[in-house]
Amino acid sequence: MPVVKKILFLAACNLTLSLYGQNYWQQEINYTIDVSLIESESSLDGFMKLQYINHSPDTLSFIWFHLWPNAYKNDKTAFSDQLLENGRTDFYFSDKEKRGYINHLDFRVDGVAAQTQDHPEYFDIIKVLLPLPLAPGKAVQITTPFHEKLPYNFSRGGYSGKSFQVTQWYPKPAVYDQQGWHPMPYLDQGEFYSEFGNFDVRITLPGNFLVAATGELQNEEEKRWLKINARGNMTGFRESQTKTLEYKQNNIHDFAWFADRNFVVNYDSLLLPSGKTIEVFSFYGPDKTEAWKNSIRFVKDAVVFHSSLIGEYPYSCVTVVEAALERSGGMEYPTIALISSQISEKQLPLVIEHEVGHNWFYGILANNERSFPWMDEGINTYYDRRFMAGKAKVEKPSPDWFQRKLPDDPLKFLLAVVTKEKSDQPISTSSEQFTRVNYSLIAYEKTGFWMKQLEDSLGVALFDSCMQEYFRLWRYKHPYPKDFQSVIEKTSGKNLEGQFALLDKTGPLTPEKSKKIKPSFLFSLHNSDKIDYLNLLPAVGYNLYDQFMVGALIHNYDLPANNFQFLLAPMYATGSRQFNGIGRAGYGWNPEGRIRKIEIAAGASRFSTLKGIDSNGNKIFSGFFKFASSIRIVFANKTFRSQVEKWLEFKSFIIGENGFNYYLKSTDSVAYPAKQPYSTRYLNQLTFGIVNYRVLYPYDAQLQIQQGSEFYRINLTGNYFLNYSTGGGLNVRMFAAKFGYLGEKTPAKALETGIYQPKLTATRGNEDFTYSNYFIGRNEFSGLSSQQIMIKDGALKLRTDLFEGLQGRSDNWIAALNFNSTLPNKLLPAWLPLKLFLDIGTYADAWQSNPTTSRFLYVGGLQLSLFKNYINIYAPLLYSSDFSDNLKTVPEENTFWRKISFSIDIQRFNFRSITRNLLY
Ligand SMILES: [Zn+2]
């Protein structure tokens with residue numbers, strides 16, 4: 001190390017300086033690590049020696065160590081749990097080969113064997129008990145060998161093919177600061193907090209590997225060779241069987257290294273304004289030669305940009321390295337940043353700017369990232385936006401019709417959507433408590449806007465000098481939010497209490513303005529913070545009776561959502577020559593406390609359900625109209641990350657129907673239909689629902705009470721999905737219903753309530769007594785549309801309309817189980833989404849003496865699920881003899897094709913599901 005650098009370093013290392021009268025101190029850890037890569041096992045063998053200097057005023061009897069490779073040890077770690085919560089099952093179902101761990105540890109403190117204690121909760125944290133107490137101002141030497149099996153790179157490090165990303169790999173003490181110990185399990189969402197010190201790392205590996213690592217390479221010959229290689233003079237396969245590369249870096253808190261045989265290396269030097277020259281490297285795969293050709297320039301731009309605005313880059317080298325990661329984006333380590341191979345050529349300058357920018361925010365200004373992600377990610381995002389704004393405007397082709405409908409700033413738009421839904425969390429939230437979407441929208445983006453607001457309130461020049469002062473006072477230290485606020489307020493001379501109070505609040509940063517109303521064709525998300533759109537689009541519909549229907553759909557289901565939402569779709573039916581359609585209006589709001597959302601709504605619809613030709617030769621139609629009003633309450637969860645939704649809904653239907661009467665005409669003795677007058681009925685329905693949207697074993701259940709003028713029904717429906725480790729899974733549906741009469745049972749009542757009585761076999765269009773499903777033809781007994789069913793009641797997928805006694809219908813109770821399972825994906829080509837189904841049910845009458853059917857009825861067969869499971873086709877292959885015996889009597893119905901049923905399940909559509917539980 002040159003002398004000048006050493007003096008600078010010592011000045012910065014003055015660890016007990018006084019900041020604004022507070023006696024600041026921090027611990028110091030100096031590492032010497034020898035490590036070998038065992039390529040065939042994707043493992044490391046190492047020996048670590050660290051000097052722990054206790055600058056605290058406290059005597060320490062133990063040190064918490066992070067053993068983060070153990071996060072990959074099994075599916076019971078905090079890391080595994082969090083990945084599942086965030087919707088990923090790949091690690092949970094990964095085989096042993098892809099798991100990772102650290103072992104062969106033998107901690108010695110100043111040569112004396114030290115006892116260890118497991119952390120009560122986390123596999124990847126251990127307590128090393130010091131044989132002798134460590135007094136303030138004293139140091140100890142702690143050594144341990146270690147063996148690490150690298151995991152497959154599920155998160156930030158591991159192996160990926162024959163490429164190695166070695167990060168979070170050595171036993172690393174937790175931070176001990178003014179607030180005490182900070183042990184933390186490794187997480188995918190949520191970063192780090194480590195002590196500053198000096199690193200001296202020697203890496204032994206096969207000679208033909210290229211290595212990119214934290215710090216300065218000490219092997220002059222290797223460095224020369226890298227630089228020659230960078231100019232394109234590949235010297236080819238290197239001679240030695242193995243090599244040992246040594247890297248040193250002072251004043252950092254982490255060390256990462258990356259090894260690959262196929263790296264292309266770029267190199268240049270960069271002269272900083274102070275006159276200091278640093279080395280700039282980039283390493284990437286040969287397939288990225290084109291995309292990464294300007295990578296060195298991007299790194300230089302980033303270093304110059306941050307140096308000029310915040311404070312000069314203090315290290316002697318800076319590196320970016322490309323690797324195949326499961327995630328997009330990148331990951332930063334001192335002096336080196338990893339960039340995902342998923343990053344496109346267009347995204348590369350900004351991603352490099354962001355990751356290199358982390359050398360300032362967390363690299364040098366080392367806040368607790370786990371607890372205060374806004375202090376590194378958010379402040380860094382502010383500089384990303386400033387970097388982009390400062391770039392010369394590239395000539396963009398003028399936006400086309402579609403692009404003009406999209407938000408100018410998609411992240412700002414999404415933030416507004418989440419804020420309007422009141423599912424936002426304060427900026428000051430800890431990483432692991434953020435929802436997946438809020439971690440990026442709040443910790444990054446909202447903080448970026450908050451910083452811009454701070455810049456606006458101070459003016460750019462004053463803001464910049466505040467940030468420079470922050471850098472000067474807190475570099476190589478652990479600032480807390482109050483320290484940041486204190487520097488900004490003292491430097492600017494302003495009281496910024498109000499601005500900083502916003503960090504703990506939800507809601508928009510600036511009060512919402514009232515919006516203008518503007519019509520839009522199809523949709524628009526553009527300037528949605530200023531405009532409410534009335535969206536107009538063509539509407540088309542079809543059913544067998546009305547035939548094609550054309551009309552218009554007008555609605556204000558915008559994003560961010562309006563409190564008052566409506567849609568109106570009047571349609572002219574070309575068959576029935578009448579106006580049909582649907583309409584709905586609702587008012588929803590988000591109260592505070594135990595209720596997340598309340599919506600009051602009313603809807604109406606009208607369609608035809610029968611057609612015929614009357615005795616005069618005129619086409620006649622009859623159908624239904626429906627009014628429904630509802631109130632729906634969605635309950636709040638204890639934590640934002642909860643994936644459970646509980647709701648209660650009361651809905652009341654008024655339905656008018658007019659069927660046909662048939663009468664014989666005297667002249668030809670043919671039965672002709674005539675329209676009946678409308679008769680109306682009502683139905684009240686109270687439903688309590690619970691849904692768990694988790695990705696592993698999701699379930700839902702509804703308890704529903706329905707009541708009409710002559711009956712009541714209690715329905716219990718549940719679904720449970722059992723994931724298979726190889727993908728797909730088994731869905732189990734449970735259904736039970738209790739039916740009863742209001743008042744005395746009479747034969748007339750029993751007949752009239754027929755369609756309301758629960759049944760086991762397939763439910764048909766005429767039995768959809770709330771008109772809640774879409775049917776092509778509700779009242780057909782022949783043709784394709786007669787084969788449509790809905791998943792309701794017992795849901796045995798066999799139509800038994802011809803056999804009154806074979807429907808498993810009951811005016812008492814029924815119960816059923818429905819299984820469907822995906823087939824192993826090796827068995828079938830990807831384009832053939834075939835499943836197996838099996839339905840079993842029983843009903844009250846089957847348990848009486850002399851029942852008409854067996855006690856249990858079953859149907860099994862093949863199911864084809866299309867269009868994201870919205871259309872399902874069922875082919876029964878085996879079923880109860882009760883069914884087969886009767887079907888034999890009607891050979892024309894007993895064919896394979898006639899027994900096939902299908903369901904169109906658009907009523908399953910759910911915004912939270914289609915956004916993969918990201919938005920709700
Ligand atoms: Zn970042």
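Definitions and limits used
Residues numbered from 1 in each chain as written. Predicted model: local features only at pLDDT ≥ 70, side-chain atom pairs only at ≥ 80, totals over all residues. Heavy atoms only, no water. Helix = DSSP H or I, 4+ residues; strand = E, 2+ residues; numbered from the N terminus. Buried < 20%, exposed > 50% of the residue type's maximum accessible area, 1.4 Å probe, protein only. Contact = heavy atoms within 4.5 Å. Areas by Shrake-Rupley, 256 points an atom, 1.4 Å probe, with all protein chains shown as cover. Lys, Arg positive; Asp, Glu negative; His and termini not counted. Charge placed at Lys NZ, Arg CZ, Asp CG, Glu CD. Phe/Tyr/Trp six-rings, centres within 6.5 Å; stacked < 30°, edge-to-face > 60°. Lys NZ or Arg CZ within 6 Å of the ring centre and 35° of its normal. Donors = N, O, S within 2.8 Å, 3.2 Å for Na, K, Ca; no water. Tetrahedral: all angles 85-135°; square planar, octahedral: opposite > 155°, others 65-115°. Domains from an automatic or database assignment. Pairing = 2+ DSSP bridges. Core = buried A, V, L, I, M, F, W, Y, C linked by side-chain atoms within 4.5 Å. Axes fitted to C-alpha atoms, helices over the stretch in contact; angles between N-to-C directions. Salt bridge = Lys/Arg side-chain N within 4 Å of Asp/Glu carboxyl O. Patch = residues over 30% accessible without salt bridge, like charges linked within 9 Å, V, L, I, M, F, W, Y side chains within 5 Å. Parallel < 35°, antiparallel > 145°, perpendicular 65-115°, else oblique. Left-handed = near helix turned anticlockwise from the far one by under 90°. Nonpolar A, V, L, I, M, F, W, Y, C, P; charged D, E, K, R; others polar. Right-handed = clockwise from strand over helix to strand, strands pointing away. Polar contact = N/O pair within 3.5 Å; in protein donor to acceptor, adjacent residues only side chain to side chain.

Trainee: Any chance you could explain the overall build of the protein here in plain terms?
Mentor: Counting its regular elements, the protein contains 15 helices and 45 strands. Along the first, second and third principal axes, the C-alpha set of the protein runs to 120 × 60 × 55 Å. Taking all 920 residues of the protein together, 53% fall into the buried category. Within the protein, contacts between residues at least 6 apart in sequence are counted, and of these 65% link residues at least 24 apart. In the structure as shown, the protein presents an accessible area of about 41,300 Å², 58% of it carried by carbon and sulfur atoms. One finds the centroid of the 98 positive side-chain charges in the protein at a distance of 4 Å from the centroid of its 93 negative side-chain charges.

Trainee: I tried to follow the packing of aromatic side chains on my own but got confused; where do I start?
Mentor: Any pair of aromatic rings gets described here by the distance separating the centres and the angle formed by the planes. Counted according to the given criterion, the structure contains 67 aromatic pairs. Consider the rings of W25 and Y176, whose centres lie 5.8 Å apart with planes at 35°: the pair is tilted. A residue pair is termed long-range when its members are at least 10 positions apart, and W25 in the loop between strand 2 (22-23) and strand 3 (28-38) and Y176 in strand 15 (residues 175-177) qualify at 151 residues. Of the two residues, W25 and Y176, both sit in the buried class. The ring of F91 has R99 lying over it, and the distance from NZ or CZ to the ring centre is 4.7 Å.

Trainee: So what exactly am I meant to see when it comes to the coordination of the zinc ion here?
Mentor: The reference angle at a metal is 109.5 degrees if four donors form a tetrahedron and 90 or 180 degrees if six donors form an octahedron. Protein ligation of the zinc ion involves H354 (NE2), H358 (NE2), E377 (OE) and E377 (OE), the donor distances falling in the range 2.0 to 2.7 Å. Angles of 53 to 155° at the metal separate the four donor atoms of the zinc ion, which places the site in the irregular class. All donor residues of the zinc ion come from one chain, and their arrangement in sequence is H-x3-H-x18-E.

Trainee: Looking at this structure, how should I read helix 7 (residues 410-420)?
Mentor: Given 3.6 residues per helical turn, the α-helix brings residues three or four places apart onto the same face. Those residues of helix 7 lying buried are F413, L415, V417, V418 and T419. Structurally, helix 7 contributes buried residues whose contacts are with helix 8 (436-458). Looking one or two places after helix 7, you find K422, whose phi comes out positive at around 55°.

Trainee: Explain the domain arrangement of the protein to me, please; I cannot follow it from the model alone.
Mentor: Interfaces are often described in size by the accessible area the parts lose on coming together. The domain architecture assigned to the protein consists of domain 1 (209-364), domain 2 (403-504) and domain 3 (694-920). Centre-to-centre, using C-alpha coordinates, domain 1 lies 60 Å away from domain 3.

Trainee: How should the sheet that holds strand 9 (residues 116-118) be read in this particular structure?
Mentor: Strands pair in a sheet through their backbones, by hydrogen bonds, and they do so in one of two ways: parallel or antiparallel. Spatially, four strands are ordered 9-10-5-14 in an open sheet, and the strand pairing comes out antiparallel. In the strand order of this sheet, the two ends are held by strand 9 and strand 14 (172-173), each with one partner. In terms of strand pairing, strand 9 meets strand 10 (residues 125-134) through three bridges, oriented antiparallel. Note that in strand 10 the partner of Q117 across the bridge is K127.

Trainee: Please explain the nonpolar core as it appears in this structure.
Mentor: One broad rule of soluble globular proteins: the nonpolar side chains tend to lie buried together. Y52, W169, W257, W450 and F484 are the most contacted members of the largest nonpolar core, which totals 155 residues. The biggest single contributor to this core is helix 8, with 11 residues. The two domains that each donate at least three residues to this core are domain 1 (209-364) and domain 2 (403-504).

Trainee: Hey, could you run me through the sheet that holds strand 21 (residues 257-260) in this one?
Mentor: The strand order across the open sheet formed by four strands is 12-13-21-18, and the pairing between neighbours is antiparallel. The sheet is open, and its two edges are formed by strand 12 (158-160) and strand 18 (210-213), each paired on a single side. In this sheet, adjacent strand axes meet at a mean angle of 15° when their direction is disregarded.

Trainee: Hey, could you run me through the pattern of salt bridges in this one?
Mentor: Tallying each qualifying case throughout the model produces 42 salt bridges. Between E290 and K293 there is a salt bridge, with the nearest N and O atoms lying 2.7 Å from each other. Relative accessible area serves as the criterion here: at 42%, K293 is assigned to the partly exposed category. In this structure, R584 and E599 form a salt bridge, with 3.2 Å as the shortest nitrogen-oxygen distance. Separated by 15 residues along the polypeptide, R584 in strand 31 (residues 579-589) and E599 in strand 32 (residues 595-613) bring together distant segments of the chain. When its relative accessible area of 29% is taken as the criterion, R584 is described as partly exposed.

Trainee: Would you take a moment to explain a positive patch on the surface for this structure?
Mentor: Where like charges cluster on the molecular surface, the positive patch consists of K412, K513, K516, K518 and K530. Judged by relative accessible area, K516 falls into the exposed class, the value being 61%.

Trainee: What is the right way to look at the packing of helix 5 (residues 348-357) against helix 6 (residues 373-390) in this model?
Mentor: The description of two helices packed together rests on the angle between their axes and the distance between the axes. Packing of helix 5 against helix 6 brings their axes to within 9 Å, and their N-to-C directions diverge by 140°. As the angle between them shows, helix 5 and helix 6 are arranged oblique. Remark: the crossing between helix 5 and helix 6 carries right-handed chirality. Facing helix 5, whose interface residues are P349, L350, E353, H354 and G357, helix 6 presents E377, N380, T381, Y383, D384, F387 and M388. Taken together, the residues of the contact of helix 5 with helix 6 sort by class into five nonpolar, four polar and three charged.

Trainee: Would you explain the packing of helix 9 (residues 460-474) against helix 10 (residues 481-492) in this entry?
Mentor: Running from N to C, helix 9 and helix 10 point in directions that differ by 130°, and their axes come no closer than 9 Å. Viewed along their axes, helix 9 and helix 10 adopt a mutual orientation that is oblique. For the pair helix 9 and helix 10, the sense of crossing is right-handed. Residue-level inspection shows L462, S465, C466, M467, E469, Y470, L473 and W474 of helix 9 in contact with helix 10, the latter providing D483, F484, V487, I488, T491 and S492. Here the contact of helix 9 with helix 10 is composed, by residue class, of nine nonpolar, three polar and two charged.

Trainee: Would you mind going over the side chain of E246 with me for this structure?
Mentor: Position of E246 among the secondary structure elements: in strand 20 (residues 242-252). Sequence-distant contacts of E246, that is, excluding residues within four places in its chain, are made with D200, V201, R202, E216, L217, Q218 and N219.

Trainee: Please explain the pairing of strand 23 (residues 277-284) as it appears in this structure.
Mentor: For a regular strand, side chains alternate in direction, first toward one face of the sheet and then toward the other. Of all eight residues that make up strand 23, seven are buried, and the element is covered over most of its length. What sits between the antiparallel neighbours strand 22 (residues 264-271) and strand 23 is a turn of five residues, in which G275 has the positive phi angle 100°. Bridge analysis of strand 23 against strand 24 (residues 317-323) gives five bridges, and the strand direction is parallel. Residue pairing in the sheet places V280 in a bridge with V318 of strand 24. For the crossover that starts at strand 23, traverses helix 4 (residues 295-309) and ends in the parallel strand 24, the hand is left-handed.

Trainee: Looking at this model, I keep getting lost on the side chain of Q168. Mind explaining?
Mentor: Topologically, Q168 is positioned in the loop between strand 13 (163-166) and strand 14. Looking at Q168, its side chain comes within polar contact range of the side chain of K172, at 3.0 Å. Polar side-chain contacts of Q168 include one of 3.5 Å to the side chain of D254.

Trainee: Honestly, the environment of E312 in this entry has me stumped. Any pointers?
Mentor: Along the chain, E312 falls in the loop between helix 4 and strand 24. Residue E312 is classed as partly exposed on the basis of its relative accessible area, which comes to 26%. Along the backbone, E312 and D400 are 88 residues apart, and their C-alpha atoms lie at a distance of 43 Å. Once you skip the residues sitting within four places of it in the chain, E312 turns out to touch L272, P273, S274, K276, S307, W360 and F471.

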